[in-house]
Amino acid sequence: MAASSRAQVLDLYRAMLRESKHFSAYNYRMYAIRRIRDAFRENKNVKDPVEIQALVNKAKRDLGIIRRQVHIGQLYSTDKLVIENQEKPRP
């Protein structure tokens, strides 16, 4: 993979993770993060430039979907789950 292609993929990966952390619903947030990590790990050994470009294009479309869903989720927010309200232990 070319250096520019690698940098583009890493930027896309970070952007998708960053945007997924804005989901207001815990279950959606954790599912999206897990799914993004799994998808990128699954395709990390792809060498064909055409296939890499197709995957990058799909990831860009998915990033747009994540952004729209985050925005919609913020319009209809719900109460936090018990697991989200736990305080971290103090040292």
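An unreviewed UniProt entry lists the protein under the name LYR motif containing 4, with Oryctolagus cuniculus as the source organism. In the Sequence similarities (unreviewed entry) part of its UniProt record, the protein is described as follows: "Belongs to the complex I LYR family."

On to helix α3 (residues 49-75), then. Here α3 is 27 residues long and its end C-alpha atoms lie 39 Å apart, about the 39 Å a rise of 1.5 Å per residue gives. Inspection of α3 places I52, V56, A59, L63, I66, V70 and G73 among the buried residues, and these make up the whole buried set.

We now examine the nonpolar core. Formed by 16 residues in total, the largest nonpolar core has its most connected members in L12, M16, F23, I36, V56, L63 and I66. When contributions to this core are tallied by element, the ones reaching two or more residues are α1 (3-20), α2 (26-42) and α3. If you tally residues by element for this core, the top one is α3, at six residues. Once residues lying within four places of it in the same chain are set aside, the contact partners of M16 are I36, F40, A59, D62, L63 and I66.

This brings us to the pattern of salt bridges. For the coordinates displayed, the defined rule picks out four salt bridges. Close ionic contact of R14 with D11 constitutes a salt bridge, the shortest N to O distance being 3.6 Å. One end of the pair is R14 and the other is D11, both in helix α1 and three residues apart, which spans about a single turn. Here D38 and R41 are joined by a salt bridge, their closest N and O atoms 4.0 Å apart. Highlighted residues: D38 and R41, both in helix α2, separated by three residues, approximately one helical turn. Overall, the relative accessible area of 56% leaves R41 in the exposed class.

Another point: the packing of aromatic side chains. The full count for this structure, using the stated rule, is two aromatic pairs. Both rings, one in F23 and one in Y28, keep their centres 6.3 Å apart while their planes meet at 45 degrees; by these two values the pair is tilted. F23 gets classed as buried once you look at its relative accessible area, which sits at 12%.

Among the secondary structure elements, N43 is positioned in the loop between α2 and α3. It is 8.5 Å that separates the C-alpha atoms of N43 and L55, two residues lying 12 residues apart in sequence.

With 17 residues, α2 should reach 24 Å at 1.5 Å per residue; the first-to-last C-alpha distance of 24 Å fits that figure. The complete set of buried residues in α2 reads R29, A32, I33 and I36. The buried residues of α2 occupy one face: seen down the axis, they fall within an arc of 95 degrees. In this structure, α2 carries N27, R41 and E42 as exposed residues pointing more than 90 degrees from its buried face.

Rules of the game
Residues numbered from 1 in each chain as written. Predicted model: local features only at pLDDT ≥ 70, side-chain atom pairs only at ≥ 80, totals over all residues. Heavy atoms only, no water. UniProt positions renumbered as here; feature names shortened; annotations may be inferred. Helix = DSSP H or I, 4+ residues; strand = E, 2+ residues; numbered from the N terminus. Expected span 1.5 Å × (residues − 1). Buried < 20%, exposed > 50% of the residue type's maximum accessible area, 1.4 Å probe, protein only. Core = buried A, V, L, I, M, F, W, Y, C linked by side-chain atoms within 4.5 Å. Contact = heavy atoms within 4.5 Å. Salt bridge = Lys/Arg side-chain N within 4 Å of Asp/Glu carboxyl O. Phe/Tyr/Trp six-rings, centres within 6.5 Å; stacked < 30°, edge-to-face > 60°. Arc of directions from axis to C-beta.

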